[in-house]
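Architecture at a glance
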Amino acid sequence: MTKGEYRVGINFNPSNDDMVGKIKRAAANLIDLIDDIEEHPARFSEIKRLKALAQTDIESAAMWAVKAATKPPMGE
């Protein structure tokens, strides 16, 4: 399991909703792509910080997108 798959909980989709799977796959792929950004020794701590911020925001965005895709109408 990749870092991105772990962070978005790629295997957790109890309703087996196709849109949820697509959202989580896209977010996991982007988190993994960011993880591959090279961390140059001279700027190691700054690059590491920026990567972590980007990955956290993607994880949050995926959670909100899953909520948007699965939220029932009011009253249900």
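Below is a short write-up of the structure. (Residues numbered from 1 in each chain as written. Predicted model: local features only at pLDDT ≥ 70, side-chain atom pairs only at ≥ 80, totals over all residues. Heavy atoms only, no water.)

A short note on the overall build of the protein chain
What counts, and what does not: The helix and strand labels rest on DSSP assignments: H or I over at least four residues marks a helix, E over at least two residues marks a strand, and numbering proceeds from the N terminus. Residue contacts are counted whenever heavy atoms from the two residues lie within 4.5 Å of one another. Accessible surface is estimated by sampling points in the Shrake-Rupley manner with a 1.4 Å probe; for residues, cover comes only from the protein chains shown. His is not counted, nor are the chain ends, whereas Lys and Arg count as positive and Asp and Glu as negative. Here the site of a charge means NZ on Lys, CZ on Arg, CG on Asp, or CD on Glu.
The number of helices and strands found in the protein chain is three helices and zero strands. Overall, the protein chain shows an N-to-C arrangement of helices and strands of α-α-α. Along the longest, intermediate and shortest principal axes, the C-alpha atoms of the protein chain span 55 × 25 × 15 Å. In the protein chain, of all internal contacts separated by at least 6 residues, the share reaching a separation of at least 24 is 52%. Put simply, the protein chain shows about 5600 Å² of open surface, and 60% of that area lies on carbon and sulfur atoms. Looking at the protein chain, you have 11 positive and 12 negative side-chain charges, and the mean spots of the two groups are 3 Å apart.

A look at helix 3 (residues 44-70)
What counts is decided by this rule: What a helix should span is 1.5 Å times the count of its residues minus one.
The first and last C-alpha atoms of helix 3 sit 39 Å apart over 27 residues, in line with the 39 Å expected at 1.5 Å per residue. Among the structural elements, helix 1 (3-8) and helix 2 (18-35) are those in contact with the buried residues of helix 3.

Side note on the side chain of glutamine 55
As a reminder, the rule being used: Partly exposed describes any residue whose relative accessible area lies between the buried limit of under 20% and the exposed limit of over 50%, with all areas from a 1.4 Å probe on protein chains only and scaled to the type maximum.
Take glutamine 55: it is sitting in helix 3. For glutamine 55, a relative accessible area of 3% translates into the label buried. Ignoring anything within four residues of it in the chain, the contact list for glutamine 55 reads Lys3, Arg7, Ile31, Ile34 and Asp35.

Regarding the nonpolar core
Condition: Think of a nonpolar core as a cluster: buried Ala, Val, Leu, Ile, Met, Phe, Trp, Tyr and Cys residues, connected wherever their side-chain atoms sit within 4.5 Å.
If you look at the biggest cluster of nonpolar residues, it comprises eleven residues: Val8, Ile10, Val20, Ile23, Ala27, Ala28, Ile31, Ile34, Ile58, Ala62 and Val66. Contributing elements (two or more residues each) for this core: helix 2 and helix 3. The element best represented in this core is helix 2, accounting for six residues. Aside from chain neighbours lying at most four places away, what touches isoleucine 34 is Lys51, Ala54, Gln55 and Ile58.

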